[in-house]
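Read off the chains here:
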Amino acid sequence: MAAAELGVGIGWRAELDLTIERMEGVGFVEAIAENIRPGALPESLRLLRARGVPVIPHGVSLGVGGAEPPSAGRLAHLAACAEALDAPLVSEHLAFVRGDGVEAGHLLPIPRTRESLRVVTDNVRRAQDALPVPLALENVAAIFGWPDDELTEGQFLAELVERTGVRLLVDVANLHTNQVNLGLPAVAALDALPLEHLAYVHVAGGHEHQGIWHDTHTTAAPEQVLDLLTELCARTRPPGVLLEWDDRFPSDAVLAGELDRIRAAMAAGESG
């Protein structure tokens, strides 16, 4: 099944509801699944859906990267969100978030080993079986790496896709983060990813502090991130590209300008 055509979108946040409703050219939005009650959707999301704007539930707590199988309750909530929103897909993170009942409080990287791949494959298949729509997994930003990795991130994701058919949510801001923090070449990662399974793309801003890049989603995307988007678009036409902005919200005009910067970066890649 081909990925849904989404266009250029923005992460829906309650603080941005009126802004997004007024913006022109928003192809789709993404809402944090843990902030949604399927039986009592925010009026703004109902309005956007009535206009035909796709809404994608984006989970942050499923934890497919952990040793424990995903919780049935969390999967049921994601499924209910997808059904309530008539979503084309659900997205989550390839991350470790809890162990033995202790919450990490962050989306942490997983060891990229063969054993880890086996566990993640089982977890992804469980999630796919429980969801009424396709699942897309996002690469995460990291400030540390595991010492005994056997695979690169691109190799790990490529094998996971081959085993499960899961779709990819490629966050180019996270690729930039990992290049700064871990020395992992972002363009090489793009070259290794099976982009034919791309569901959509994330773009976001952050800041550097004492040599560490923090993926805060509170500033405009730096040119390096948009350059990576251009590189990606030179390799494939993404079904959708979405701007994440989570706090310190700017004016409506600034957000509209950020979507225009994304469109320009995409056009540069497509024409290159």
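Note on numbering: residues in each chain are counted from 1, in written sequence order. The predicted nature of this model means local features are confined to residues of pLDDT at least 70 and side-chain atom pairs, given and counted, to a pLDDT of 80 or more, with totals for whole chains, interfaces and linings taken over all residues. As a rule here, side-chain values come from all non-hydrogen atoms in the structure, and water together with hydrogens is ignored.

Within an unreviewed UniProt entry, the label attached to the chain reads DUF692 domain-containing protein, and the organism entered is Nonomuraea bangladeshensis.

### With respect to the packing of helix H8 (residues 223–235) against helix H9 (residues 252–271)
Viewed as axis vectors pointing N to C, H8 and H9 meet at an angle of 40°, and their least axial separation amounts to 7 Å. It follows from the interaxial angle that H8 and H9 lie oblique. Considering only the axes of H8 and H9, their crossing is right-handed. Residues Glu223, Leu226, Leu229, Thr230, Cys233 and Ala234 of H8 touch H9, and the partners they reach there are Arg261, Ile262, Ala265, Met266, Ala268, Gly269 and Glu270. Gly is placed with the polar residues, together with every amino acid not listed as nonpolar (Ala, Val, Leu, Ile, Met, Phe, Trp, Tyr, Cys and Pro) or charged (Asp, Glu, Lys and Arg). Looking at side-chain class alone, the contact of H8 with H9 contains 8 nonpolar, 2 polar and 3 charged residues. In this description, a line fitted to the C-alpha atoms serves as the axis of each element, helices being fitted only across the stretch in contact, and the angle between N-to-C directions of two axes falls anywhere from 0 to 180 degrees. Put simply, DSSP H or I for four residues or longer makes a helix, DSSP E for two residues or longer makes a strand, and each gets a number counted from the N terminus. Working rule for angles: under 35 degrees goes down as roughly parallel, over 145 as roughly antiparallel, 65 to 115 as roughly perpendicular, anything else as oblique. Left-handed describes a crossing whose near helix is turned anticlockwise from the far helix through less than a right angle; right-handed describes the clockwise counterpart. Throughout, a contact is declared for two residues whenever any of their heavy atoms are within 4.5 Å.

### Some words on the nonpolar core
Working definition of a nonpolar core: buried Ala, Val, Leu, Ile, Met, Phe, Trp, Tyr and Cys residues. They are joined through side-chain atoms within 4.5 Å. Three labels apply to residues, based on accessible area from a 1.4 Å probe with only protein chains included: buried if under 20% of the type maximum, exposed if over 50%, partly exposed otherwise in between. Counting residues in hydrophobic clusters, the biggest one holds 71 residues, and the most contacted among them are Val29, Val170, Leu229 and Ile262. Filtering out sequence-adjacent residues up to four positions away, Ile262 remains in contact with Val8, Val203, Leu226, Leu229, Val241 and Leu243.

### Examining the pairing of strand E8 (residues 167–171)
The element E8 is largely enclosed, with a buried count of 5 among its 5 residues. Burial of the side chains of E8 extends over both faces: Arg167, Leu169 and Asp171 are buried on one face and Leu168 and Val170 on the other. With 3 bridges joining them, strand E7 (residues 135–138) and E8 adopt parallel strand pairing. Looking at E8, one finds that Ala136 is bridged to Arg167. Here, a strand pair is defined by DSSP locating no fewer than two bridges between the strands. Sheet topology note: the E8/strand E9 (residues 198–203) ladder contains 4 bridges and is parallel. Bridge assignment links Leu169 to a residue of E9, and that residue is Tyr200.

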